[in-house]
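Report on the structure
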Amino acid sequence: DVKVTQSSRYLVKRTGEKVFLECVQDMDHENMFWYRQDPGLGLRLIYFSYDVKMKEKGDIPEGYSVSREKKERFSLILESASTNQTSMYLCASSFHQGAYGYTFGSGTRLTVV
Amino acid sequence: KQEVTQIPAALSVPEGENLVLNCSFTDSAIYNLQWFRQDPGKGLTSLLLIQSSQREQTSGRLNASLDKSSGRSTLYIAASQPGDSATYLCAVRAQGGSEKLVFGKGTKLTVNP
């Protein structure tokens, strides 16, 4: 069964910590995406990558960075975690010009205290 | 700028009822439209993907239709069950090479036994 795997389901970090969220897909997808989801605000795109070492800012990139060194792995980095980054983080992947749609991971609930 | 709206935000029905969830989008130049299901605290599960050239897609008790000219899609759920309780989101991908999906905020469905 093809899938997108997020390394942690729940994560609690302290303010100011550097946080890494990892996402791995086994479908040979070119595109990978990071979203955050908050009540009342829906899903908002943070960053996406359309190829290894390529990245593009989404709608809310401030306070985040990303890394894509291998095709199957896309990491989201919170350089200095803040309480307003407490959220559900969702990773997704797709083929270029994807006729097959997006596949999502199971999400990481991050709490910053 | 593409905007996706889902009305109502919440819906409660008795078990066994047939129901329709609505999705509207402002720009008809879409590449495809995807319906997802999200259980509380979980990631998104793809239900149906409709290409711009298609009018509908079916999977089991689910049927999704697409009317590009009017900017509308519906998700029909036949003979609803308590296990169908979840939030349903629709998302559109624009034509012209954009790899990004634009999401609605979802309809939270509760099916009462």
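Located above this text is the structure these notes cover.
Scope of this entry: the structure provided in the associated data block.

**Overview of the packing of aromatic side chains**
Per the counting criterion, the structure on display carries 12 aromatic pairs over all chains. Measuring from centroid to centroid gives 5.9 Å for Tyr35 of chain A and Phe104 of chain A, while their planes differ by 40 degrees, and the two rings are tilted. Of this pair, Tyr35 of chain A sits in strand 4 (residues 31-38) while Phe104 of chain A is found in strand 10 (residues 103-104), placing the two residues 69 residues apart along the sequence. Neither residue differs from the other here; Tyr35 of chain A and Phe104 of chain A are each classed as buried. Judged by centre distance (5.4 Å) and plane angle (85 degrees), the ring pair of Phe104 of chain A and Phe36 of chain B falls under edge-to-face. Here the residue Phe104 of chain A occupies a position in strand 10, and Phe36 of chain B occupies one in strand 4 (residues 30-38), the pair thus bridging two chains. For the pair shown, Phe104 of chain A and Phe36 of chain B are each scored as buried. One aromatic cluster is present, formed by Phe33, Tyr35, Phe48, Tyr50, Tyr102 and Phe104 of chain A together with Phe36 and Phe103 of chain B through successive ring pairs. Positioned above the aromatic ring of Tyr10 of chain A is the side chain of Arg9 of chain A, whose terminal nitrogen or guanidinium carbon lies 5.3 Å from the ring centre. When the ring centre of Tyr31 of chain B is taken as reference, the NZ or CZ atom of Arg93 of chain B above it lies at 4.3 Å.

**With respect to the interface of chain A and chain B**
Facing 24 residues of chain A, the contacting portion of chain B comprises 19 residues. Between chain A and chain B, a total of about 1600 Å² is buried, with carbon and sulfur atoms accounting for 54% of that surface. Interface area lost by chain A to chain B is led by Gln97, Tyr102 and Phe104 of chain A, which between them contribute 29%. Where chain A packs against chain B, one counts 0 salt bridges. For the interface between chain A and chain B, the tally reads 9 residue pairs in polar contact (both at pLDDT 80 or more).

**Describing the pattern of salt bridges**
In total, this model carries 9 salt bridges over all chains according to the counting rule given. In this structure, Arg73 of chain A engages Glu22 of chain A in a salt bridge whose closest nitrogen and oxygen atoms are separated by 3.9 Å. Here Glu22 of chain A lies in strand 3 (residues 19-25) and Arg73 of chain A lies in strand 8 (residues 73-78), a separation of 51 residues in the sequence. Exposure remark for Arg73 of chain A: the relative accessible area of 40% places this residue in the partly exposed category. Residue Arg37 of chain B pairs with Asp39 of chain B through a salt bridge whose shortest N-O separation is 3.0 Å.

**Comments concerning the nonpolar core**
Core analysis: the biggest nonpolar cluster contains 22 residues, and Leu33, Trp35, Leu75 and Ile77 of chain B have the highest contact counts within it. Counting 21 residues, the second-largest nonpolar core is a separate cluster that includes Leu11, Met27, Met32 and Phe74 of chain A.

**A word on the sheet that holds strand 1 (residues 4-6) of chain A**
Residue and element names in this part refer to chain A. Pairing is antiparallel across the open sheet formed by 4 strands, whose spatial order is 1-3-8-7. Strands at the two margins of the open sheet, each flanked by one partner only, are strand 1 and strand 7 (64-70). Recorded for the sheet is a direction-independent mean angle of 20 degrees between the axes of neighbouring strands. Note: strand 3 against strand 8, 6 bridges, orientation antiparallel. Looking at strand 8, one finds that Phe20 is bridged to Ile77.

Conventions adopted
Residues numbered from 1 in each chain as written. Chains lettered and ligands numbered in written order. Predicted model: local features only at pLDDT ≥ 70, side-chain atom pairs only at ≥ 80, totals over all residues. Heavy atoms only, no water. Phe/Tyr/Trp six-rings, centres within 6.5 Å; stacked < 30°, edge-to-face > 60°. Helix = DSSP H or I, 4+ residues; strand = E, 2+ residues; numbered from the N terminus. Buried < 20%, exposed > 50% of the residue type's maximum accessible area, 1.4 Å probe, protein only. Lys NZ or Arg CZ within 6 Å of the ring centre and 35° of its normal. Contact = heavy atoms within 4.5 Å. Buried area = accessible area lost by both parts, 1.4 Å probe. Salt bridge = Lys/Arg side-chain N within 4 Å of Asp/Glu carboxyl O. Polar contact = N/O pair within 3.5 Å; in protein donor to acceptor, adjacent residues only side chain to side chain. Core = buried A, V, L, I, M, F, W, Y, C linked by side-chain atoms within 4.5 Å. Pairing = 2+ DSSP bridges. Axes fitted to C-alpha atoms, helices over the stretch in contact; angles between N-to-C directions.

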